[in-house]
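Given next are the chains, with one letter for each unit.
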Amino acid sequence: MSVETASAPVPDLAHLDPATKRRESRRVILSSYLGSTIEFYDFLLYASASALVFPMVFFTGLDPLAGAIASYGTFAAGYLARPLGGAIFGHFGDRLGRKRMLVLSMLIMGVASTLIGLVPGAATIGSWGAVILVFLRVCQGIAVGGEWGGAALMALEHSESGKRGFAASFTNAGAPTGAALGTFILGTFSAMLPQDEFLAWGWRVPFLLSFALLIVGMVVRSKISESPVFAAAAAQAEQEGREQGRKPKVPILQVLRRPRALLLTMFAGASGFGLQVLLSTFAVQYSTEAGTERSSVLYAFALASIFSIFFVVWFGHLSDRFGRRPVMIAGLVLFAGFLFPLFTMLTSTNWFVLLLAFTIALGLHGMIYGPLAAFIGEQFGTGSRYTGASLGYQLATLLGAGFTPTILASLYAGPGGGTSIVPVAVFLGGMAVVSIIALLLTRESKDHDLATHEH
């Protein structure tokens, strides 16, 4: 084991009656859902702003396409930082406990996101605005890199066998909830204000609201108990250390010495993140350029994101019955087949067609994303689960989503000044094939015993 007891006592949940355990499990699941919602509100709000605002505010000296690509570059900085956040928070989460790392990650994210709303544009401080933006985006990446692993594992390790996919899916359901909330608020200010006022100050308000969400999240997080699986492992590690004089193992070294699980989770999850970021960035801009008002596209995406919350939880539940791999593979196959119809529907100026396009796409994405939290967490043993799951998840986001907006924009532009959606669809379909192969190379994990399963 690589866990140590924290300096503060950890509540012992092992001897509680079943009803009390269930109540605590529901409280932890709610906390994971709310915390993930707040973190992804901040993180994915940046995605929409990078497509619709930042090219005109921080990259005013470039032509529109070059400005969009440069803006997506700052977006990628957050994904580059996520594995670092996963490694740092994972190490201390496996040593000191899940709960305190969740509180710290939320604090960093809330402060960074609030400050983004205060960064002066290029007209005021020139290129320094973009530099500060990148720095704060890196802070966001580090924070969300630590958030996901802790939230997912708290839900996973508090739940009983046979319900882990359902419980852990609420962490991932926080992503579309946060996306919907951020997109709705950004869309509201976009619709309410003239273009010049929206670009001058209106876009900043959703980021400044992060501070209020931070307060709510910190209160909720402070009231949950530590993971009982971690608590038991910590007590065992302490006893073994006293009896045998062994030093605790370093979690990241445990993961890297046997990298198969890390690599397979990274490639298995990559396509899901590529498809997620396709919808939140490229698809929004693609539809806007086809002639639909920006606020209408944002509202369609926000409403579809609300629908997708239920898809994520439902498919997480189905993975408890049929397995993680079958549900995720079916989602990848269906999404790849829907790519060309999706892009055709996105060019429609009929708002209901746009809503249907985003809803179907996010529903299919829910088949991938719903079981993903449990799938990744179940690949690692307790002593290195926070580190392994965080790194696997965040490396998947880096591989699948970090540079995808830039790649898609470049492929779409193509040589000679023309545009074509075919290279975009081929690239995304290729990503889906890679994830399917990785999933086929893993073992089904829904019946793993988390208390005894070791990586």
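Note that the structure is a prediction, hence the values are computed from the model and not measured. (Residues numbered from 1 in each chain as written. Predicted model: local features only at pLDDT ≥ 70, side-chain atom pairs only at ≥ 80, totals over all residues. Heavy atoms only, no water.)

J.: Even after reading the chapter, I still don't get the overall build of the protein, so can you show me in this structure?
T.: Check the secondary structure of the protein and you find 20 helices and 0 strands. The C-alpha radius of gyration of the protein comes to 21 Å, within 12% of the 23 Å expected for a compact globule of 455 residues. Considered along the principal axes of its C-alpha atoms, the protein spans approximately 70 × 45 × 40 Å. Each of the 455 residues in the protein was classed as buried or not, and the buried ones make up 60%. For the protein, long-range pairs separated by at least 24 residues make up 87% of all intrachain contacts whose partners lie at least 6 apart in sequence. Summing over all exposed atoms, the protein offers an accessible surface of approximately 17,100 Å²; the carbon and sulfur share of this is 69%. Mean positive and mean negative side-chain charge positions of the protein (30 and 25 charges, respectively) differ by 5 Å. (Helix = DSSP H or I, 4+ residues; strand = E, 2+ residues; numbered from the N terminus. Rg over C-alpha atoms; globule rule 2.2 N^0.38 Å. Buried < 20%, exposed > 50% of the residue type's maximum accessible area, 1.4 Å probe, protein only. Contact = heavy atoms within 4.5 Å. Areas by Shrake-Rupley, 256 points an atom, 1.4 Å probe, with all protein chains shown as cover. Lys, Arg positive; Asp, Glu negative; His and termini not counted. Charge placed at Lys NZ, Arg CZ, Asp CG, Glu CD.)

J.: How do you make sense of helix H4 (residues 98-116) when you look at a structure like this?
T.: Side chains three or four residues apart in an α-helix point the same way, a direct result of the helix having 3.6 residues per turn. The first and last C-alpha atoms of H4 sit 28 Å apart over 19 residues, in line with the 27 Å expected at 1.5 Å per residue. Those residues of H4 that fall on the buried side of the exposure criterion are Arg98, Met101, Leu102, Ser105, Met106, Met109, Gly110, Ala112, Ser113, Thr114 and Ile116. (Expected span 1.5 Å × (residues − 1).)

J.: I tried to follow the packing of helix H6 (residues 128-158) against helix H7 (residues 164-192) on my own but got confused; where do I start?
T.: Two numbers describe a pair of packed helices, the interaxial angle and the distance between the axes. As a packed pair, H6 and H7 sit with axes 8 Å apart at the nearest point and diverge in direction by 150°. Taken together, the axes of H6 and H7 lie roughly antiparallel to each other. The crossing of H6 and H7 is right-handed. Packed against H6, whose contacting residues are Trp148, Ala151, Ala152, Ala155 and Leu156, the element H7 presents Arg164, Ala167, Ala168, Thr171 and Asn172 at the interface. (Axes fitted to C-alpha atoms, helices over the stretch in contact; angles between N-to-C directions. Parallel < 35°, antiparallel > 145°, perpendicular 65-115°, else oblique. Left-handed = near helix turned anticlockwise from the far one by under 90°.)

J.: Any chance you could explain the packing of aromatic side chains here in plain terms?
T.: Here a ring pair, both rings aromatic, is described through the centre-centre distance and the interplanar angle of the planes. Per the stated rule, a full pass over the model turns up 19 aromatic pairs. Ring geometry for Tyr286 against Tyr412: centres 5.6 Å apart, planes inclined by 80°, an arrangement best described as edge-to-face. Here Tyr286 is found in helix H13 (residues 260-289), whereas its partner Tyr412 is found in helix H19 (residues 404-413), with 126 residues between them in sequence. Site record: aromatic cluster; members linked through ring pairs are Tyr46, Phe54, Phe58, Trp203 and Phe207. Taking NZ or CZ as reference, Arg137 lies 4.2 Å from the ring centre of Tyr46, over its face. (Phe/Tyr/Trp six-rings, centres within 6.5 Å; stacked < 30°, edge-to-face > 60°. Lys NZ or Arg CZ within 6 Å of the ring centre and 35° of its normal.)

J.: Looking at this structure, I do not really get the environment of Gln276. What am I missing?
T.: Within the fold, Gln276 resides in helix H13. Given a relative accessible area of 12%, Gln276 falls into the buried group. Distance from Gln276 to Ser32, taken between C-alpha atoms, is 20 Å for residues 244 residues apart in sequence. Beyond its immediate sequence surroundings of up to four residues, Gln276 is in contact with Ala175, His365 and Tyr369.

J.: Mind showing me how you'd approach the pattern of salt bridges here?
T.: When charged atoms on two side chains of opposite charge get close, those side chains can pair. Enumeration according to the criterion identifies 10 salt bridges in this entry. Among the ionic pairs, Arg324 bridges to Asp320, the shortest N-O distance being 2.9 Å. Through salt bridges with shared partners, a single ionic network connects Asp94, Arg98, Glu157 and Arg385. (Salt bridge = Lys/Arg side-chain N within 4 Å of Asp/Glu carboxyl O.)

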